[in-house]
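Residue-level listing of the chains:
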Amino acid sequence: MSPSPIANNTTRVKKMNRELVRQALKSMKESTKSAVAQVTGLSVATCGSLLNEMAAAGELIELDAEESSGGRPAKVYRYNKNFSYIACLIVKAGVNSHSLHYTVANLDGE
């Protein structure tokens, strides 16, 4: 039995929202939930849920809270550029010689 169209659409929207949050954090380097919400146009609640999920998975790093001007201090997040790595391989097989060239990079291309 295939997923219902509503469940399928909800999953797609969540993936798109997660990508919006990811791109916002990558461009801002460090940010709070409310700043991410402002940049992405998503609600603070949606951003909070996504940031919590991404932090639990290790995709984000939760930094010290920012200075408070009254009330609870806001958590600050940074995208974890070492969350995963990319390996690029070039294999050359010739008649007289063979070679393997490779590069491994983090999500910032380092």
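Cut-offs used in this document
- Residues numbered from 1 in each chain as written.
- Predicted model: local features only at pLDDT ≥ 70, side-chain atom pairs only at ≥ 80, totals over all residues.
- Heavy atoms only, no water.
- Helix = DSSP H or I, 4+ residues; strand = E, 2+ residues; numbered from the N terminus.
- Buried < 20%, exposed > 50% of the residue type's maximum accessible area, 1.4 Å probe, protein only.
- Contact = heavy atoms within 4.5 Å.
- Arc of directions from axis to C-beta.
- Axes fitted to C-alpha atoms, helices over the stretch in contact; angles between N-to-C directions.
- Left-handed = near helix turned anticlockwise from the far one by under 90°.
- Nonpolar A, V, L, I, M, F, W, Y, C, P; charged D, E, K, R; others polar.
- Salt bridge = Lys/Arg side-chain N within 4 Å of Asp/Glu carboxyl O.

(A) Spatial organisation of the side chain of Asn-80. With respect to the helices and strands, Asn-80 occurs in the loop between β3 (76-79) and β4 (86-93). Relative accessible area serves as the criterion here: at 17%, Asn-80 is assigned to the buried category. When near neighbours in sequence (up to four residues on either side) are disregarded, Asn-80 contacts Gly-58, Glu-59, Leu-60, Ile-61 and Leu-107.

(B) Summary view of helix α2 (residues 33-40). Along α2, the positions that sit buried rather than exposed are Val-36, Ala-37 and Thr-40. The buried residues of α2 occupy an angular sector of 100 degrees when the element is viewed end-on, so they sit on one face. Facing away from the buried side of α2 by more than 90 degrees, the exposed set consists of Gln-38 and Val-39. A positive backbone phi angle near 85 degrees is found at Gly-41, which sits one or two residues after α2.

(C) Region of the structure containing the environment of Ser-84. Here Ser-84 shows up in the loop between β3 and β4. Under the relative-accessibility criterion, Ser-84 is labelled partly exposed at 29%. When the C-alpha atoms of Ser-84 and Ala-105 are compared, they prove to be 8.8 Å apart, with 21 residues separating the residues in sequence.

(D) Quick look at the packing of α2 against helix α3 (residues 44-57). Put simply, α2 and α3 touch, their axes get as near as 9 Å, and they point 115 degrees apart. Of the two elements, α2 crosses α3, and the hand of that crossing is right-handed. The segment α2 lies against α3, with Lys-33, Ser-34, Val-36, Ala-37 and Thr-40 engaging Val-44, Cys-47, Gly-48 and Leu-51. Looking at the contact of α2 with α3, its residues break down into five nonpolar, three polar and one charged.

(E) Molecular detail of the pattern of salt bridges. Overall, the coordinates contain seven salt bridges when judged by the stated rule. Note that Glu-19 and Arg-22 form a salt bridge whose closest N and O atoms lie 2.5 Å from each other. On the criterion of helical spacing, the pair formed by Glu-19 and Arg-22 is a turn pair, its members being three residues apart in helix α1 (residues 5-28). On the accessibility criterion, Glu-19 (33% relative accessible area) is partly exposed. Lys-81 is the salt-bridge partner of Glu-110, the closest N and O atoms lying 3.0 Å from each other. Taken together, the positions of Glu-110 in the segment after β5 (98-105) and Lys-81 in the loop between β3 and β4 put the pair 29 residues apart, joining distant regions of the chain. By relative accessible area, which is 53% here, Glu-110 ends up exposed. Each of the salt bridges in this network shares a partner with another, and the network as a whole consists of Lys-14, Arg-18 and Glu-53.

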